[in-house]
Amino acid sequence: MKIWLLDNGSIVIEHTQFMWNVPGPQVRIPSYGVLIEHDDGLFLFDTGFDLEHTNAVLPFELPEQTEEQTVPRQLELAGFSVSDVTTLVNSHLHFDHVGGNRHFSGIPNVLHERELAQARDHEPFEFFGYSDKSWDYDGANFEPVTGDLEVAKGLWLFETPGHTVGHYSLLVKPDSGAEPMLFAFDVVYTQSALEKGIQAGFHIDPRAGVRSIARVKEVAAEHGADIYFSHDAEAFTTYRHAPDFYEL
């Protein structure tokens, strides 16, 4: 397998959202997707944010995204086009994870069945998180799933609710014996949050979120996996970004 991290730009959030209820200065955080070339196809996990939507609805998040950081251009950096992607998977449906979904009409879109229902009829306090509805269009080919599952050989989705009601994290565990990679997406934004057991804002169930942080730690320990954080600016500088890649 080859794995590319697709850099989608960055947004700014309040520190009390970055680490729930912990005061501090505003933080600029990265947004990215995970592209996996697999024997069973080309899998894309999350598609970042849409600049036009974010500027219109969440301008206070001060989005920054160059033309090269759009999903189609990031795919080109990895050597692919939009039409090459065979399966789209969404960890959850918040605006900074679905901004490029509209490019993939017709292909399977795997996501948690509870997340699909919640995003269509969410709580009032989840408005900004679910503000981008561009993923829900005629031609979207949803494949709602539930429970832990292997979406393709070595690509394990495991339930980590709390941040949203139907959140998934991803464990990549190849047969090659290479060190597994665990993408926690928004269970915890940063290494520090993982260590302290502090979840980010936009959550629907804080207690479930704390249990999911513990589960991420357990899965990583059980499989000897490195954890990759969705919004850790410092860690992101150490990750390989397209056109560079990981090979497992």
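Before reading further, recall that the structure is shown in the block above.
Let us look at the structure shown here. (Residues numbered from 1 in each chain as written. Predicted model: local features only at pLDDT ≥ 70, side-chain atom pairs only at ≥ 80, totals over all residues. Heavy atoms only, no water.)

**Let's talk about the pattern of salt bridges**
Moving on, step 1. Applying the stated criterion across every chain, the model contains six salt bridges.
Moving on, step 2. Asp-175 is paired through a salt bridge with Lys-153; the nearest N and O atoms lie 3.5 Å apart. Placement of Asp-175 in the loop between strand 9 (168-172) and strand 10 (181-185) and of Lys-153 in the loop between strand 7 (149-152) and strand 8 (155-159) is noted, with a sequence separation of 22 residues between them. By the burial criterion, Asp-175 is exposed, and Lys-153 matches it. (Salt bridge = Lys/Arg side-chain N within 4 Å of Asp/Glu carboxyl O. Helix = DSSP H or I, 4+ residues; strand = E, 2+ residues; numbered from the N terminus. Buried < 20%, exposed > 50% of the residue type's maximum accessible area, 1.4 Å probe, protein only.)

**Describing the packing of aromatic side chains**
Moving on, step 1. Overall, the coordinates contain 13 aromatic pairs when judged by the stated rule.
Moving on, step 2. Ring geometry for Trp-4 and Phe-80: centres 5.4 Å apart, planes at 85°, overall edge-to-face. Taken together, the residues span a long stretch of sequence, with Trp-4 in strand 1 (residues 2-13) and Phe-80 in the loop between helix 3 (71-77) and strand 4 (87-89) at a distance of 76 residues. Here Trp-4 matches Phe-80 in class, with each residue buried.
Moving on, step 3. Every member of this aromatic cluster is reached through a ring pair, and the members are Tyr-32, Phe-183, Phe-185, Tyr-228, Phe-236, Tyr-239 and Tyr-246. (Phe/Tyr/Trp six-rings, centres within 6.5 Å; stacked < 30°, edge-to-face > 60°.)

**Here we look at the sheet that holds strand 9**
Moving on, step 1. Strand order in the open sheet made by the five strands is 7-8-9-10-11, with mixed pairing throughout. Two strands lie at the open edges of the sheet, namely strand 7 and strand 11 (226-229), each paired on one side alone. Each neighbouring strand pair of the sheet contributes to a mean axis angle of 30°, computed without reference to strand direction.
Moving on, step 2. Relative to strand 9, strand 8 is paired through five bridges, and the arrangement is antiparallel. Bridging from a neighbouring strand, Glu-159 pairs with Tyr-168 of strand 9. (Pairing = 2+ DSSP bridges. Axes fitted to C-alpha atoms, helices over the stretch in contact; angles between N-to-C directions.)

**Here we look at the sheet that holds strand 3 (residues 41-45)**
Moving on, step 1. Ordered in space as 6-5-4-3-2-1-12, the seven strands form an open sheet in which the pairing is mixed. Every interior strand has two partners, whereas the edge strands, strand 6 (141-145) and strand 12 (246-247), have only one.
Moving on, step 2. One ladder, built from two bridges, connects strand 1 with strand 12; its direction is antiparallel. Residue pairing across strands places Ile-3 opposite Tyr-246, the latter belonging to strand 12.
Moving on, step 3. Of the strands in this sheet, strand 5 (108-112) and strand 6 touch helix 5 (residues 113-120), which is tilted by about 90° from strand 5. (Contact = heavy atoms within 4.5 Å.)

**Section: the side chain of Asp-96**
Moving on, step 1. Note on placement: Asp-96 falls in helix 4 (residues 95-98).
Moving on, step 2. When neighbours within four sequence positions are excluded, Asp-96 is seen to be in contact with Ile-11, Ser-31, Gly-48, Phe-49, Asp-186 and His-231.

**Thoughts on the nonpolar core**
Moving on, step 1. Core analysis: the biggest nonpolar cluster contains 52 residues, and Ile-3, Phe-45, Leu-182 and Phe-183 have the highest contact counts within it.
Moving on, step 2. Dropping the residues within four chain positions of it, Ile-3 is found in contact with Val-34, Leu-35, Ile-36, Val-172, Met-181, Phe-183, Phe-245, Tyr-246 and Leu-248.
Moving on, step 3. The next biggest cluster of nonpolar side chains, apart from the first, holds 14 residues, and it includes Leu-42, Phe-80, Leu-88 and Phe-104. (Core = buried A, V, L, I, M, F, W, Y, C linked by side-chain atoms within 4.5 Å.)

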